[in-house]
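Here is what each chain is made of, one letter per residue.
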Amino acid sequence: MKPQKSVSVIPLGGVGEIGKNMWVVDSGEDIIALDCGVMFPENEMLGVDLVIPDVSYLLENRSRVRAIVLSHGHEDHIGALPYVLRQLNVPVYGTRLTLGLVKGKLEEHGLLREADLREIRAGERIALGGFKLDFIHVNHSIADVVAIAVHTHAGTILYATDFKFDQTPIDGRITDLQKLAELGQNGVLLLLSDSTNAERPGYTHSERTVGELFMETFRRAKGRIFVATFASNIYRIQQVIDSAMAVGRRVCVIGRSMVNNVSIAVDLGYLRLPEGIMLDLDELPRCAPDEVVILTTGSQGEPMSALSRMAMAEHRRIEIQPGDTVIISANPIPGNERLVGKTIDHLFRQGADVIYHAFSGVHVSGHASQEELKLMLNLVRPRYFIPIHGEYRMMVRHAALAEAVGIPRDRIILADIGDEIEVGPEVFRRARKVEAGPVLVDGLGVGDVGNIVLRDRQQLSQDGILIVVVTINRQTGQVVAGPDIVSRGFVYVRESEALMEEARSRVRVALNGCLEQHITEWNAIKAEVKEALSQLLWERTKRRPMILPIVMEI
Ligand SMILES: [Zn+2]
Ligand SMILES: [Zn+2]
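Residues numbered from 1 in each chain as written. Chains lettered and ligands numbered in written order. Predicted model: local features only at pLDDT ≥ 70, side-chain atom pairs only at ≥ 80, totals over all residues. Heavy atoms only, no water.

S.K.: For the coordination of the zinc ion (ligand 1), give the residues involved together with the corresponding values.
M.R.: Protein coordination of the zinc ion (ligand 1) is provided by His72 (NE2), His74 (ND1), His140 (NE2) and Asp162 (OD), with donor distances spanning 2.1 to 2.3 Å. The site at the zinc ion (ligand 1) holds four donor atoms, and with the angles between them running 92 to 164°, its shape is irregular. Coordination of the zinc ion (ligand 1) draws on donor residues from a single chain, spaced H-x1-H-x65-H-x21-D in sequence. Metal-to-metal, the separation of the zinc ion (ligand 1) and the zinc ion (ligand 2) is 3.5 Å; aspartate 162 coordinates the two. (Donors = N, O, S within 2.8 Å, 3.2 Å for Na, K, Ca; no water. Tetrahedral: all angles 85-135°; square planar, octahedral: opposite > 155°, others 65-115°.)

Here is the structure:
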């Protein structure tokens with residue numbers, strides 16, 4: 001029996017991982033989804049472009065889904081929208097900048113016209129079905145971020161994903177402490193809070209400290225200055241522009257996403273460009289080195305980005321020269337460390353002075369550290385707590401912080417993707433599992449690459465493939481042509497004639513065996529051929545290429 005006063009919350013992504021954040025709040029009558037993010041594939045997901053959440057639960061209950069509500073415009077919160085809206089076209093709520101970024105994305109997918117985008121602002125209250133929602137301004141590494149308070153018949157659920165407490169933010173708007181305290185005063189049933197930096201002691205530095213370092217570096221630099229950062233970090237970009245202005249340099253923006261985001265941010269008034277500060281790429285060759293700052297993407301070592309092409313001396317327009325200073329104003333996202341390291345190596349080889357790593361002060365995180373996480377817990381004083389937005393170990397650390405400020409262990413749940421968690425004044429438990437998990441996107445295919453395809457790709461990438469083609473007379477079962485063997489990624493056939501000849505003869509023996517035992521079923525013949533070959537190849541090479549027998553009949 002479901003207690004009268006309860007609602008369900010379900011993570012469809014973003015717990016036990018960083019990426020594809022999406023939560024469902026279900027009152028029994030109304031459903032809303034909070035965020036709709038992507039994740040970038042792990043190394044073993046060969047050829048996969050993106051990973052999105054499985055939204056089966058929303059599709060099964062589509063008539064009750066009132067909206068998707070967005071916290072902010074980062075990819076891990078909005079990136080899956082084009083894929084989800086295609087199946088479930090519900091209203092999407094977000095702040096002005098968030099929707100600005102969403103529009104660009106939907107436009108690319110040809111979905112903008114049908115989309116129902118509704119702007120909200122921090123401090124506002126809206127009603128969605130039986131829910132009332134409050135939006136609370138918070139600091140982060142992009143502008144216009146909100147925490148979302150969902151008032152339900154069972155109590156208030158506060159979704160505080162990506163935030164920090166910055167006392168001196170670039171836009172002067174600090175996290176709305178009063179509103180958080182007020183929510184806490186009125187009683188918060190459940191807090192969902194950002195675990196990204198739960199392992200990091202102390203406080204996260206203010207974004208402004210980065211600007212101070214930019215100023216110092218810009219003053220010292222004699223040659224050209226390059227700054228690579230996230231295209232979405234408008235505050236960081238603003239500080240690059242302001243520092244350039246202060247030392248009398250002009251700024252040239254390079255890289256598609258950087259150019260796009262700068263123009264969106266300028267249009268919407270989130271970025272202030274002093275008169276004449278921008279420099280066109282065409283004018284760059286005519287400028288002295290100490291007159292320019294080049295703002296670019298590629299802080300994650302992405303192989304196709306402007307910065308890594310410059311580092312590899314493959315950029316069409318710009319060559320790195322001795323005397324250049326390159327600032328990498330970002331930390332590698334876990335998994336990107338090697339790519340970033342390589343880019344830095346190449347930049348040094350080209351003669352640039354490279355400034356990187358958080359300890360150099362050229363980057364600060366957009367996420368709250370331990371003391372700030374405790375502050376959030378203490379302001380909000382939730383009855384129950386679920387750490388979100390983090391790898392499992394970060395969630396464990398965050399749970400320990402919650403215990404430290406006095407939340408009993410039995411009021412904390414470490415959720416897995418797909419857990420339906422029932423929550424009300426008298427109940428807090430895992431009720432059941434709903435269908436959920438990763439959906440892989442490869443090119444135009446969504447969900448058509450699954451475990452079997454991935455296993456094949458892994459096998460292909462490890463030992464290659466061997467294709468055996470043989471033609472058989474349908475009546476007699478005799479081999480009329482072949483066996484012919486083609487291989488890719490296994491051995492170079494021309495230099496392995498002896499092995500190939502041996503392979504062909506094994507195949508002949510296997511086929512004759514089939515003939516003698518009157519095996520005529522194709523699959524059985526193929527299995528025999530495969531077995532004979534894989535045994536031989538393992539003996540001779542200790543490799544297991546994929547073997548693909550093709551039997552043709554005439
Ligand atoms: Zn974020
Ligand atoms: Zn995030």
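From this point, things continue past the structure.
S.K.: Residues and numbers for the pairing of strand β20 (residues 427-433), please.
M.R.: Of the pairings in the sheet, the one linking strand β19 (residues 419-424) to β20 comprises six bridges and is antiparallel in character. Residue pairing across strands places glutamate 422 opposite arginine 429, the latter belonging to β20. Linking β19 back to β20 in an antiparallel pair, the connection comprises two residues. (Pairing = 2+ DSSP bridges. Helix = DSSP H or I, 4+ residues; strand = E, 2+ residues; numbered from the N terminus.)

S.K.: Summarise the sheet that holds strand β9 (residues 131-138); cite the residues concerned and give the values.
M.R.: The strand order β8-β9-β10-β11-β12-β18 describes an open sheet built from six strands, whose pairing is mixed. Here the strands that pair on one side only, and so sit at the sheet edges, are β8 (125-128) and β18 (384-388). Looking at each pair of strands side by side, their axes are set apart by 20° on average, direction ignored. In terms of strand pairing, β8 meets β9 through four bridges, oriented antiparallel. Bridge pairing links isoleucine 126 to leucine 133 in β9. Packed onto the sheet, helix α11 (residues 370-380) meets β11 (155-160), β12 (190-194) and β18 and runs at close to 165° relative to β12. Strands β12 and β18 of the sheet are contacted by helix α12 (residues 392-404), whose axis makes an angle of about 150° with β18. (Axes fitted to C-alpha atoms, helices over the stretch in contact; angles between N-to-C directions. Contact = heavy atoms within 4.5 Å.)

S.K.: Could you give an account of the nonpolar core, with specific residues and numbers?
M.R.: Counting 127 residues, the largest nonpolar core has Trp23, Leu58, Leu133, Leu158 and Ile386 as the members making the most contacts within it. One finds Cys287, Ile294, Ile318 and Ile328 within the second-largest nonpolar core, a separate group that totals 22 residues. (Core = buried A, V, L, I, M, F, W, Y, C linked by side-chain atoms within 4.5 Å. Buried < 20%, exposed > 50% of the residue type's maximum accessible area, 1.4 Å probe, protein only.)

S.K.: Explain the coordination of the zinc ion (ligand 2) to me, and be specific about the residues and the numbers.
M.R.: The protein atoms that coordinate the zinc ion (ligand 2) are Asp76 (OD), His77 (NE2), Asp162 (OD) and His389 (NE2), at distances of 2.1 Å. We note that the donor set of the zinc ion (ligand 2) lies within a single chain, spaced as D-H-x84-D-x226-H. Exposure remark for aspartate 162: the relative accessible area of 1% places this residue in the buried category.

S.K.: Tell me what's going on with the packing of helix α5 (residues 177-186) against α11, and back it up with residues and numbers.
M.R.: For the pair α5 and α11, interaxial distance at closest approach is 7 Å and the crossing angle is 50°. By the criterion of interaxial angle, the relationship of α5 to α11 is oblique. Between α5 and α11, the residues in contact are Leu177, Leu180, Ala181 and Gly184 and Met376, Leu379 and Val380, respectively. Looking at side-chain class alone, the contact of α5 with α11 contains six nonpolar, one polar and no charged residues. (Parallel < 35°, antiparallel > 145°, perpendicular 65-115°, else oblique. Nonpolar A, V, L, I, M, F, W, Y, C, P; charged D, E, K, R; others polar.)

S.K.: Which residues make up the side chain of threonine 471, and what are the values?
M.R.: Mapped onto the secondary structure, threonine 471 falls in strand β23 (residues 465-472). Owing to a relative accessible area of 12%, threonine 471 belongs among the buried residues under this scheme. Residues in contact with threonine 471, not counting those within four places in the same chain, are Gln478, Val479, Val480, Ala481, Met552 and Ile554.

S.K.: Requested: an account of the environment of glutamine 300, with residues and values cited.
M.R.: Relative to the helices and strands, glutamine 300 resides in the loop between β15 (292-296) and α9 (306-311). Sequence separation of glutamine 300 and valine 262 is 38 residues, and the distance between their C-alpha atoms is 19 Å. At 3.0 Å, the side chain of glutamine 300 forms a polar contact with the backbone oxygen of asparagine 331. (Polar contact = N/O pair within 3.5 Å; in protein donor to acceptor, adjacent residues only side chain to side chain.)

S.K.: Can you break down α12 residue by residue, with the values?
M.R.: Spanning 13 residues, α12 covers 19 Å between terminal C-alpha atoms, matching the ideal 18 Å at 1.5 Å per step. Residues of α12 that are buried: Met394, Met395, His398, Ala399, Leu401 and Ala402. Take α12 and look down its axis: the buried residues cluster within an arc of 155°, on one side only. Each element contacted by the buried residues of α12 is listed here: β12, α11 and β18. Phi turns positive one or two residues past the end of α12, at glycine 406, with a value near 105°. (Expected span 1.5 Å × (residues − 1). Arc of directions from axis to C-beta.)

S.K.: Report on the packing of aromatic side chains, specifying residues and quantitative values.
M.R.: Describing an aromatic ring pair means giving the distance of the ring centres and the angle of the ring planes. What the rule picks out here adds up to four aromatic pairs. For the ring pair phenylalanine 348 and tyrosine 356, a centre distance of 6.5 Å and an interplane angle of 75° mean the geometry is edge-to-face. Using a relative accessible area of 38% as the deciding quantity, one classes phenylalanine 348 as partly exposed. The exposure class assigned to tyrosine 356 is partly exposed, which follows from its relative accessible area of 29%. Ring plane angle 15° and centroid distance 4.4 Å describe the contact between tyrosine 384 and phenylalanine 428, whose orientation is recorded as stacked. Residue tyrosine 384 is located in strand β18, and its partner phenylalanine 428 is located in strand β20; the two are separated by 44 residues in the primary sequence. An identical accessibility class is assigned to tyrosine 384 and phenylalanine 428; each is buried. Lying across the ring of tryptophan 538, arginine 544 places its NZ or CZ 4.1 Å from the centre. (Phe/Tyr/Trp six-rings, centres within 6.5 Å; stacked < 30°, edge-to-face > 60°. Lys NZ or Arg CZ within 6 Å of the ring centre and 35° of its normal.)

S.K.: Can you tell me about the pattern of salt bridges, naming the residues and giving the values?
M.R.: In total, this model carries 26 salt bridges according to the counting rule given. Between arginine 393 and glutamate 199 there is a salt bridge, and its shortest N-O distance comes to 3.3 Å. Here arginine 393 is found in helix α12, whereas its partner glutamate 199 is found in the loop between β12 and α6 (208-220), with 194 residues between them in sequence. We classify arginine 393 as partly exposed; its relative accessible area is 48%. Put simply, Arg125, Asp134, Lys179 and Glu182 are held in one network by salt bridges that share partners. (Salt bridge = Lys/Arg side-chain N within 4 Å of Asp/Glu carboxyl O.)

S.K.: Quick rundown of the sheet that holds strand β7 (residues 117-119)? Include the residues and the values.
M.R.: Read from one edge to the other, the open sheet built from eight strands follows the order β7-β6-β5-β3-β2-β1-β19-β20, with strand pairing classed as mixed. Among the strands making up the open sheet, the edge pair consists of β7 and β20. Averaged over all pairs of adjacent strands, the angle between strand axes in this sheet comes to 25°, irrespective of strand direction. Summarising the sheet, strand β3 (residues 31-34) and strand β5 (residues 65-69) pair through four bridges and their orientation is parallel. If you follow isoleucine 32 over to β5, its bridge partner there is alanine 67. Sitting on the sheet, helix α4 (residues 96-108) touches β6 (92-94) and β7, and the angle it makes with β7 is about 160°.

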